[in-house]
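Here's the letter readout for the chains.
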Amino acid sequence: MPFADNDGLSIYYETDGPANHDTVAFIGDAAFGAWQWGWQHAAVAGPFESLVWDNRGTGRSDAPEGPYSVAAMAGDLEAVLADHGVRKAHLVGAGLGGMVALHYAKQFSRAKTLTLIGTAASGSRIDPAVREELLAEKTPDALHESLRPVVSGAAFAAGLEDVVEWRLDDDAELPAQRAQFAALDGFDVSDSLYEITTPALVLHGTDDRVVPVDAGTELANGLPRGELRTLEDAPHLVHVERSKEVNDELLDLLAANAENAFD
């Protein structure tokens, strides 16, 4: 089980798929563990190498005291990619993970494409009241209730027992959740998006309660090579509930920008 070191902080990651093909690195949303990428991992691993890592405070990575910052988490990603010997990577981030991808593309040289799911250019676009709804003690009832803002009403009513079980195993504990959400407070690249010239696909559900869809529109418009795809009536966890549509868009982007996939 590989771990990368970032100035004494241990960051866990896993890879799957052929190592001689392009690497797709997935960057998780605040509080959620690697389970959130199960739908994309299955689609990507094979034609590409899939790399999934646990954000600081999550899963098997170290959980230092907060608050955290997006810059620090981008440094964690750089440590992971360097440890694995990745020269270039396609970055796929959701929510906070999308913000990490944006910062990473500004500060480091390995980003080949960006796929930004339910992401804003500024943490101020997230409603503080909704953010409080997302925080949860790691008990089944609390974790289920905290899914209400990020899934559709139909999915919430169905119970989501499997998701709750995965969250019990993989999600951040409450102090680390708060530390990760604190990273949003100091993040704002809205005035410097023009510096990020990496090809970027912005995917956003029109019913996203966490990050409003107009924030996704602004993000795509501000990126020199940004393209927006909205999914009607989709919630914040659009990559979970509408995985086929998201995967189709992602694979199209990857195929258009890959050097050595589909051999």
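Above this text is the structure in question.
Residues numbered from 1 in each chain as written. Predicted model: local features only at pLDDT ≥ 70, side-chain atom pairs only at ≥ 80, totals over all residues. Heavy atoms only, no water.

Asker: Give me the overall build of the protein: which residues, what numbers.
Answerer: Broken down by element type, the protein carries eleven helices and eight strands. Taken along the three principal axes of its C-alpha coordinates, the protein extends 45 × 40 × 35 Å. Out of the 263 residues belonging to the protein, those deemed buried represent 56%. Residue pairs at least 24 apart in sequence account for 76% of intrachain contacts in the protein once pairs closer than 6 positions are excluded. Counting every atom, the protein has about 10,500 Å² of accessible surface; 47% of that belongs to carbon and sulfur. The protein carries 18 positive and 44 negative side-chain charges, and their two centres are separated by 4 Å. (Helix = DSSP H or I, 4+ residues; strand = E, 2+ residues; numbered from the N terminus. Buried < 20%, exposed > 50% of the residue type's maximum accessible area, 1.4 Å probe, protein only. Contact = heavy atoms within 4.5 Å. Areas by Shrake-Rupley, 256 points an atom, 1.4 Å probe, with all protein chains shown as cover. Lys, Arg positive; Asp, Glu negative; His and termini not counted. Charge placed at Lys NZ, Arg CZ, Asp CG, Glu CD.)

Asker: Go over the layout of surface pockets with me, naming the residues and quoting the values.
Answerer: Estimated volume of the largest pocket: approximately 290 Å³. Considering the residues around the largest pocket, the lining is formed by 17 residues, among which Glu-14, Ala-34, Trp-35, Val-52 and Arg-60 are closest to the centre. Listing elements by their share of the lining of the largest pocket, those giving two or more residues are strand 2 (9–16), helix 1 (38–44), strand 4 (49–53) and helix 7 (161–170). If one sorts the elements of the lining of the largest pocket by residue count, strand 2 sits on top with four residues. Partitioning the lining of the largest pocket into residue classes produces six nonpolar, five polar and six charged. A volume near 190 Å³ is recorded for the second largest pocket. Lining the second largest pocket are 13 residues, and of these His-21, Thr-23, Val-86, Arg-87 and Lys-88 sit closest to its centre. Classifying every residue of the lining of the second largest pocket by side-chain character gives two nonpolar, five polar and six charged. (1 Å grid on protein atoms, 1.4 Å probe; cavity = no way out; pocket = protein on both sides within 12 Å on 5 of 7 lines; lining within 4 Å. Points joined across faces, edges and corners; volume = space filled by probe spheres on them. Nonpolar A, V, L, I, M, F, W, Y, C, P; charged D, E, K, R; others polar.)

Asker: Tell me about the side chain of Thr-119, and name the residues and values.
Answerer: Note on placement: Thr-119 falls in the loop between strand 6 (111–117) and helix 4 (128–134). Here Thr-119 falls in the buried class, since its relative accessible area comes to 0%. Within polar-contact distance, the side chain of Thr-119 engages the backbone oxygen of Ile-117 at 3.1 Å. The contact partners of Thr-119, leaving out residues within four places of it in the chain, are Gly-93, Ala-94, Gly-95, Gly-98, Met-99, Leu-102, His-204, Val-211, Ala-215, Gly-216 and Leu-219. (Polar contact = N/O pair within 3.5 Å; in protein donor to acceptor, adjacent residues only side chain to side chain.)

Asker: Give me the lowdown on empty space enclosed by the protein, citing residues and values where you can.
Answerer: Applying the stated criterion across every chain yields a total of two cavities of 30 Å³ or more. Taken as a whole, the largest cavity encloses approximately 90 Å³ of empty space. For the largest cavity, the lining is made up of 14 residues, of which Asp-29, Leu-134, Phe-181, Val-210 and His-236 are closest to its centre. Those elements that place two or more of their residues in the lining of the largest cavity are helix 3 (96–107) and helix 8 (174–185). Residues of the lining of the largest cavity, tallied by class, amount to eleven nonpolar, two polar and one charged. Volume-wise, the second largest cavity comes out at about 40 Å³. Lining the second largest cavity are 13 residues, and of these Gly-28, Phe-32, Gly-33, Gln-36 and Trp-53 lie nearest its centre. Every element with two or more residues in the lining of the second largest cavity is listed here: strand 3 (23–27) and strand 4. Classifying every residue of the lining of the second largest cavity by side-chain character gives seven nonpolar, five polar and one charged.

Geometric values such as these leave the question of function open.
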